[in-house]
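Coordinates in review
Spelled out, the chains give:
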Amino acid sequence: MRSLTRETIKIYWQHGKKYKLALFLMAIGTVGVSGFEVVIPFWYKKLFDTIALNDFALAPELLKIITAVWFLWMGVWLSRRIRDFVTAYFEARMISNLLNTCFDYLHGHSYSFFSNNFVGSLVRKVNRFARSFEEITDQTLIHLGNTGIHVVLVIIILFTRHWILGAGVLIWAIVYIFFGYKYTMFKIRYDREKAAQDSVVTGVMADTVTNQMNLKMFGARDREFENFKKTTDDLYYKQKKAWYLGSFAEAIQGFLMVALEFMVLYIAIKFWQRGLFTIGDFALLQSFVIGLFSRLWNIGNSIRRVFERFADADEMTEILITPHGVKDLPRTKNLLVTNARINFKDVSFGYHDELMVFDKFNLEIKPGERTALIGTSGGGKSTIVKLLLRFHDINSGQILIDGQNIANFNQNSLRRSIAMVPQDPILFHRSLMENIRYARPEATKEEVIRAAKLAHAHKFIIKFPQGYETFVGERGIKLSGGERQRVAIARAIIKNAPILILDEATSSLDSESEKFIQDAMKKLMNNRTTIVIAHRLSTIMQMDRIVVIEDGKVKEQGKHKELLKAHKGTYQRLWEIQAGGFA
């Protein structure tokens, strides 16, 4: 996986630059913490040098020194509070904004994008992208920023004490930081592999949870467990390798710190022998060394954690910089549908270059006409609906509604003009009221109930203890297939769109319910251009026109009785097969 760190930083900065005051206060707080912490050891040096004089008359001087130390520590405390409170506000605001951006851009991707990605993996990528910003900010500001300022100030001070000390610590710091950076860049590839495999594990887990009914029906729990175990084993090896590499880095860093301690104390003793150092200087040096140890140890960890979080964020960054598969033209207008005449004109389309579904396909549906599309599976019936909804862009040709090319208009306005009842409706984990009203959020409660009655959903809804406020579970799992379909029909009724698509809309209903709903469907189809996709031919006998689609072409078309008369026609053959089944 290629590194997208630069693109990730660009996205973070585009969101963060709006909060310049917060960034300024965070910087002031960080500088204040480091500045005060570097000055404090000088007062400890003064304290120890004064005590070493063994003169009790200097007690008032000692009190002045510890008072100054108290004020300096209060400066550290105040600077840290400013930095931490402003950082809390900034990070919370940024995480919220990043989640909003991810939500908006993610849902702008095409139907194909979601068909090719696990839901669980996408959700995990969004969450890790926002949380990575929090970790990166904490590490760069609180650890790397604070450490960088502290190290620079300490080296400057040591140069003022003696150039040998300053030069020694400077060279050591360069070696230490260079090793930490280069080793981190070497290790980042393994961190990315670990992050990618983690997403795979999440995706497999989400897929099996979604299909838990299939696991039970096919007795596939053991088989799926073995498959899941393979993905977790891969995660184990990649995670172990990344962690072993991290432990090796810590071992090298620990060795370099021991070397620095020995070098500094050796030089200090030599200076002490020459009368250049006092007891207080030893305290000053040890304070600086201990401070360097804690901060530079963190700088190694911080560099690794920053790049690990960038590796985590890369997956979502790739989604954010990937152009949407279906895009509106600049400054597109809303589509206005008056008559709802639909025209597929010389349409060519394929899901892949080598798999063309339509080649110069033509079909016209008149305003208010009820048209049924039938044919064998894979013939292109569902693709016609997807193209009309502009889930995919066509390769060539035009799809017109009232003479207007749908590619030139806003996608949302197009889809607001179409109501659809799919074969397998998926509901939100929200109340029944919200699910029905989803098609038209401003609909009144009375309108929702009326739509539910027309769809024969009202009776089963009022049997629930909470009635219309009953939550339906994830994807509507608490409802039966027929109940979900009736809710979807009620949703289509309340949308009141000029174009209606019914994709096996009564396939999950029992015979009695289907009989009731057929009447509601007839009323719903009145004065609407309707497309019905059906395999059960008994449900489309009353259509104004039946179109037989085969291999991406219109094979036959006409009314039910006309098509039955066609000698060796496809419709006649399908009817005989189904009629024989009914007999």
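Everything here concerns the structure above.
Cut-offs applied
Residues numbered from 1 in each chain as written. Predicted model: local features only at pLDDT ≥ 70, side-chain atom pairs only at ≥ 80, totals over all residues. Heavy atoms only, no water. Core = buried A, V, L, I, M, F, W, Y, C linked by side-chain atoms within 4.5 Å. Buried < 20%, exposed > 50% of the residue type's maximum accessible area, 1.4 Å probe, protein only. Helix = DSSP H or I, 4+ residues; strand = E, 2+ residues; numbered from the N terminus. Phe/Tyr/Trp six-rings, centres within 6.5 Å; stacked < 30°, edge-to-face > 60°. Lys NZ or Arg CZ within 6 Å of the ring centre and 35° of its normal. Patch = residues over 30% accessible without salt bridge, like charges linked within 9 Å, V, L, I, M, F, W, Y side chains within 5 Å. Areas by Shrake-Rupley, 256 points an atom, 1.4 Å probe, with all protein chains shown as cover. Salt bridge = Lys/Arg side-chain N within 4 Å of Asp/Glu carboxyl O. Contact = heavy atoms within 4.5 Å. Pairing = 2+ DSSP bridges. Axes fitted to C-alpha atoms, helices over the stretch in contact; angles between N-to-C directions.

**Quick word on the nonpolar core**
Ranked by internal contacts, the top residues of the largest apolar core, which has 43 residues, are Ile374, Ile436, Ile461, Val532, Ile540, Ile546 and Tyr571. Element by element, the count of residues in this core is highest for helix H15 (residues 481-495), at 7 residues.

**Topic: the packing of aromatic side chains**
Pairs of aromatic rings are described using the distance from one ring centre to the other and the angle between the two planes. Taken as a whole, this structure holds 22 aromatic pairs when the rule is applied. Note on Phe344 and Phe361: the rings are 6.0 Å apart at their centroids and 80 degrees apart in plane angle, and the pair reads as edge-to-face. Within this pair, whereas Phe344 is found in strand E1 (residues 342-352), its partner Phe361 is found in strand E2 (residues 355-365), the two being separated by 17 residues in sequence. A residue is classified by how much of its surface remains accessible, and Phe361, at 3% relative accessible area, is buried. It is Lys46 that lies over the ring of Trp43; its NZ or CZ is 4.5 Å from the centre. Of note, Arg430 hangs over the ring of Phe428, and the distance from its end group to the ring centre comes to 4.2 Å.

**What to know about a nonpolar patch on the surface**
A surface patch of nonpolar side chains, amounting to about 1,000 Å² of accessible area, comprises Leu21, Phe24, Leu25, Ile28, Trp70, Phe71, Met74, Trp77, Leu78 and Ile82. At the level of secondary structure, the elements contributing two or more residues to the nonpolar patch comprise helix H2 (20-52) and helix H3 (59-106). If one sorts the elements of the nonpolar patch by residue count, H3 sits on top with 6 residues. By secondary structure assignment, the location of Trp77 is in helix H3.

**Digging into the environment of Gly473**
Here Gly473 shows up in the loop between helix H14 (458-461) and H15. The spacing of Gly473 and His429 is 44 residues in sequence and 4.7 Å in space, taken between C-alpha atoms. Aside from chain neighbours lying at most four places away, what touches Gly473 is Phe428, His429 and Lys478.

**What about the sheet that holds strand E9 (residues 545-550)?**
Across the sheet, which stays open at both edges, the 6 strands sit in the order E6-E7-E8-E3-E9-E10 with mixed pairing between neighbours. The sheet terminates laterally at strand E6 (418-421) and strand E10 (553-558), the two strands that pair on one side only. Direction aside, the axes of adjacent strands within the sheet are offset by 20 degrees on average. Judged from the 5 bridges that link them, E9 and E10 form a sheet pairing that is antiparallel. By the bridge assignment for E10, Val547 is matched with Gln557.

**What to know about the sheet that holds E2**
Strands sit in the order E2-E1-E4-E5 across an open sheet of 4 strands; the sheet is antiparallel. Of all strands in the sheet, those bounded by a partner on one side alone are E2 and strand E5 (404-405). In the sheet, strand E4 (residues 396-401) pairs with E5 via 2 bridges, with the strands oriented antiparallel. The residue bridging Ile401 from the neighbouring strand is Gln404, located in E5. Along the sheet, helix H10 (residues 381-388) contacts E1, E2 and E4; its crossing angle with E1, the most-contacted strand, is approximately 105 degrees.

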